[in-house]
Amino acid sequence: MADSIMSKAATMEIPINSNGDTGSLPEDDSLEQVSRDLQQVMVSGPNLNETSIVSGGYGGPAGGIIPTSSIKGPAVRFNPEYLDRRRAPAAGPGSTNHNTNSSEEVTRGVAVEKLDSVKKWGINTYKCTKQMFSERFGRGSRTVDLELEAQIDVLRDTKSKYENILRLATALTSHFQSMVQTQQALGDTFTDLSQKSPELQDEFGYNAETQKLLCKNGESLLGAINFFVSSVDTLVNKTMEDTLMTIKLYENARLEFDAYRSDLEELSLGPRDAAAMVRIEMAQHEYQVHRDKYERLRSDVTIKLKFLEENKVKVMHKQLLLFHNAISAYFAGNQQQLEQTLIQFNVKLKPPGSDKPSWLEEQ
């Protein structure tokens, strides 16, 4: 509205005489009209339907002023969101620089952290490699726990022998399963021939029943052997392997401890100036950290070896008794004792055909 008032004031007709001089202007009337227009703007606000568009220049006819109410077009509506967007301060170059600097600082911090970790890893690897070669060539000393080392050697030897038992028992299962399948096929053949050979019906029938009984007992024995193999496999490849992983961590901690111990001993034999004392203090700190780690892992290995021995005796006592009773009952032809053995050790037989995939899995 203020722009329209200024336009209106600028386009008022100014009378010019024939000599080019301006005539007398009605100053009082013009000033009063402008004052009234400004008061109307302050009180009632802009009215877009009553504004005018000036199409003529100075001295133009009065017809050059076109009211906007005569223009066909969409209605003009006030949108407060536009003013909110206009009033919102735009992000200046300072904020952009601040965000860029923050991201650069984060990236720089991550890079420095990675560089420090790589540096520490390199120093630790160098010290451990130096200590390992010194021990191998007889120039360095190593920390030895004779009792614990003997227990670790026994465990490794026991694991090797148990792996051999597991391998042989697995082979026995495979061969015996083939024999049971052969007996089942032989029994089916005898049954078929007993129906097709009337003169040998009884003989084929006896043999068919014998093979089916052997097949049934063989499946019971297979269940017992599979249970034995599964228990030994868990003992060897899970329980013993977990203890050996802890032993590996213990041996690495022992090597690190000896490496930093040797480093501290070398620094202690050198000069005792200010710089050397700082290095000795840092070496003392690293030595103490790795000593605590070594002692903690040694305690963990001792506890795990104790529990492993107890668990091994308990598991193998049960499994060896199961294996002996099942084998004896089968080859003695004592079906009742074989079934009682399976019940005693909670061995559940799989139903025939359970190993085959279902029709849904085959799709």
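Keep in mind it's a predicted model, so treat the numbers as computed, not measured.

Visitor: So what exactly am I meant to see when it comes to the nonpolar core here?
Guide: Here is a general trend for soluble globular proteins: nonpolar side chains tend to be buried in one another's company. Counting 42 residues, the largest nonpolar core has Ile152, Leu155, Ile247, Tyr250, Val301 and Leu305 as its most contacted members. Elements with a minimum of two residues in this core: helix H5 (146–196), helix H6 (201–268), helix H7 (274–331) and helix H8 (335–344). Here this core gets 17 residues from one element, more than from any other, and that element is H6. Leave out the neighbours within four places in its chain, and Leu155 touches Met240, Thr243, Leu244, Ile247, Leu305 and Leu308.

Visitor: Can you walk me through the environment of Leu342 in this structure?
Guide: Relative to the helices and strands, Leu342 resides in helix H8. Look at Leu342 and you get buried, because its relative accessible area is 6%. Through-space distance from the C-alpha of Leu342 to that of Gly223 is 8.3 Å; in sequence the pair is 119 residues apart. Setting aside chain neighbours within four positions, we find Leu342 in contact with Ser220, Ala224, Val347 and Leu349.

Visitor: So what exactly am I meant to see when it comes to the packing of aromatic side chains here?
Guide: Ring pairs (aromatic) are described by centroid distance and by the angle formed between their planes. Within the structure shown, the criterion is met by 8 aromatic pairs. The interplanar angle of 35° and the centroid separation of 5.9 Å between the aromatic rings of Phe190 and Phe204 together place this pair among those described as tilted. Note that Phe190 is positioned in helix H5 and Phe204 in helix H6, a separation of 14 residues in sequence. Looking at Phe204, the relative accessible area reads 18%, which means it is buried. Each ring, one from Phe228 and one from Phe323, has its centre 4.9 Å from the other, and the planes form 40°; the classification is tilted. With Phe228 in helix H6 and Phe323 in helix H7, this pair connects stretches of sequence that are 95 residues apart.

Parameters and conventions
- Residues numbered from 1 in each chain as written.
- Predicted model: local features only at pLDDT ≥ 70, side-chain atom pairs only at ≥ 80, totals over all residues.
- Heavy atoms only, no water.
- Core = buried A, V, L, I, M, F, W, Y, C linked by side-chain atoms within 4.5 Å.
- Buried < 20%, exposed > 50% of the residue type's maximum accessible area, 1.4 Å probe, protein only.
- Helix = DSSP H or I, 4+ residues; strand = E, 2+ residues; numbered from the N terminus.
- Contact = heavy atoms within 4.5 Å.
- Phe/Tyr/Trp six-rings, centres within 6.5 Å; stacked < 30°, edge-to-face > 60°.

Keep in mind these numbers describe shape, not what the thing actually does.
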